[in-house]
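# Descriptive analysis of the structure
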Amino acid sequence: MTKALYAGSFDPITNGHLAIIERAQKLFDELVVAVVHNPNKQMLFSLEERKSLVEVVLQEANLAEAKVVTYDGLLVEFARVLQVDAIVRGLRVNSDFDYEFQMALMNRDMAPGIESVFLMTDSQYIFLSSSIIKEVKSYGEDISHLVPPVVDRALGQRLRRG
Ligand code: ADP
């Protein structure tokens, strides 16, 4: 049985994240998707809202076997507690690479038994990030091809109110 952890802020989850989850599920017997609680980072959605959006999106995409949890603290420590074999990360543009390389080496140093596994993004999602989605949507642009419908609606409501 192989078990992997895919973690992120998911503020909110995008089609880029979803594609990584779908592919990671094929690679591992068990996948845990972890939504991070980071009080130092300002988020548009609360931890519970982000988790619930991930759950709904996975349900709608028929990927609900993945378990969705929240965590705070150090990712590698959480990975150790869950006893996963691998930490999955998505790679987009060059700028992800340096940071991810550094984190992967640091994580290996702290937890030599846990592999970091990188999945290249799909080409249509190469410049897709939660922050760019929020920015573009706040100007009323159509992002419906980049996020699941439930996320599009949640963003519309949140950004109109805000
Ligand atoms: P963080 O705040 O850690 O960047 P994110 O939720 O933005 O959290 O990202 C979580 C993981 O998903 C990271 O490995 C990130 O590289 C990956 N990711 C984010 N957007 C995409 C995308 N468009 N394509 C592939 N991977 C992505």
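Residues numbered from 1 in each chain as written. Predicted model: local features only at pLDDT ≥ 70, side-chain atom pairs only at ≥ 80, totals over all residues. Heavy atoms only, no water.

### With respect to the overall build of the chain
In plain terms, the rule: Under the scheme used here, helices are H or I runs from DSSP no shorter than 4 residues and strands are E runs no shorter than 2 residues, and both carry numbers assigned from the N terminus. Between the two quantities, the radius of gyration covers C-alpha atoms and the globule rule is 2.2 Å times the number of residues to the power 0.38.
If you tally the helices and strands in the chain, you get 6 helices and 5 strands. Ordering the α and β elements of the chain from the N terminus gives β-α-β-α-β-α-β-α-β-α-α. For the chain, the C-alpha radius of gyration of 15 Å lies close to 15 Å, the compact-globule estimate for 162 residues. Over its C-alpha atoms, taken along the principal directions, the chain stretches across nearly 45 × 30 × 30 Å.

### Some points on the nonpolar core
Here is the rule we go by: Side-chain atoms within 4.5 Å link the members of a nonpolar core, which is a set of buried Ala, Val, Leu, Ile, Met, Phe, Trp, Tyr and Cys residues. When accessible area is computed with a 1.4 Å probe and restricted to protein chains, residues below 20% of their type maximum are described as buried, those above 50% as exposed, and intermediate ones as partly exposed. Any two residues whose heavy atoms approach within 4.5 Å are treated as being in contact.
In terms of nonpolar packing, the biggest core is built from 35 residues, with Ile21, Leu31, Val33, Val54, Leu58, Val88 and Val151 touching the most fellow members. Of all the secondary-structure elements, those providing two or more residues to this core are strand S1 (3-8), helix H1 (15-27), strand S2 (30-36), helix H2 (47-60), strand S4 (86-91) and helix H6 (149-161). Aside from chain neighbours lying at most four places away, what touches Val54 is Phe10, Ile13, Val33, Val35 and Val68. Grouped together as the second largest cluster of nonpolar side chains are 16 residues, Leu5, Val36, Tyr71 and Val84 included.

### Considerations on the sheet that holds strand S5 (residues 115-120)
Within a beta sheet, neighbouring strands are joined by backbone hydrogen bonds and run either parallel or antiparallel to one another. Selection rule: Any two strands with at least two DSSP-identified bridges between them are counted as paired. Each axis is a line fitted through C-alpha atoms, and for a helix only the stretch in contact is used; angles between axes span 0 to 180 degrees, taken between their N-to-C directions.
Judged by pairing direction, the sheet is parallel, and its 5 strands sit side by side in the order S3-S2-S1-S4-S5 without closing on themselves. Each edge of the open sheet carries a strand with a single partner, namely strand S3 (67-71) and S5. Direction aside, the axes of adjacent strands within the sheet are offset by 30° on average. Pairing of S1 with S4 involves 3 bridges; the strand directions are parallel. Following the sheet pairing, Leu5 is matched in S4 by Ile87. Along the sheet face, helix H3 (residues 75-82) touches S1, S2, S3 and S4 and points at about 150° away from the line of S1.

### Some remarks on the layout of surface pockets
Our working rule: A cavity, in this analysis, means grid points on a 1 Å lattice covering only the protein atoms where a 1.4 Å probe fits yet has no way out; a pocket is instead an open set bounded by protein on both sides within 12 Å along at least five of seven lines, and a residue lines either one if it has an atom within 4 Å of a point. Grid points are joined across faces, edges and corners, and a volume is the space filled by probe spheres set on the points. In the scheme used here, Gly and all other residues not listed as nonpolar or charged are polar, with Ala, Val, Leu, Ile, Met, Phe, Trp, Tyr, Cys and Pro taken as nonpolar and Asp, Glu, Lys and Arg as charged.
Roughly 960 Å³ of volume is contained in the largest pocket. Around the largest pocket sit 40 residues that line it, and Ala7, Gly8, Ser9, Lys41 and Arg89 are the ones nearest its centre. A per-element tally of the lining of the largest pocket places helix H4 (residues 94-110) first, with 6 residues. When its residues are assigned to classes, the lining of the largest pocket shows 18 nonpolar, 15 polar and 7 charged.

### Some words on the site of the ligand
To be explicit about the condition: We call a residue near a given molecule or strand whenever any one of its heavy atoms falls within 4 Å of it. Each polar contact in these results corresponds to two N or O atoms within 3.5 Å; when the atoms are within protein, one needs to be able to donate a hydrogen and the other to accept it, and residues that are neighboring in sequence are counted only if both atoms are side-chain atoms. Using a 1.4 Å probe, accessible areas were evaluated by the Shrake-Rupley method; residue-level cover was limited to the displayed protein chains. A molecule is said to be in a cavity or pocket once over half of its atoms fall within 2 Å of that pocket's grid points.
Taken together, 15 residues lie near the ligand, and Tyr6, Ser9, Gly90, Thr121 and Leu128 sit nearest. A distance of 2.6 Å is found between an oxygen atom of the ligand and a side-chain nitrogen or oxygen belonging to Tyr6. Between the ligand and Ser9, the relevant distance is 2.6 Å, taken from an oxygen atom to a side-chain nitrogen or oxygen of the residue. Expressed as a share of its isolated accessible area of 540 Å², the protein-covered part of the ligand is 87%. Applying the majority rule of atoms within 2 Å of the grid points places the ligand in the largest pocket.

None of the figures reported here should be taken as evidence of function without further support.
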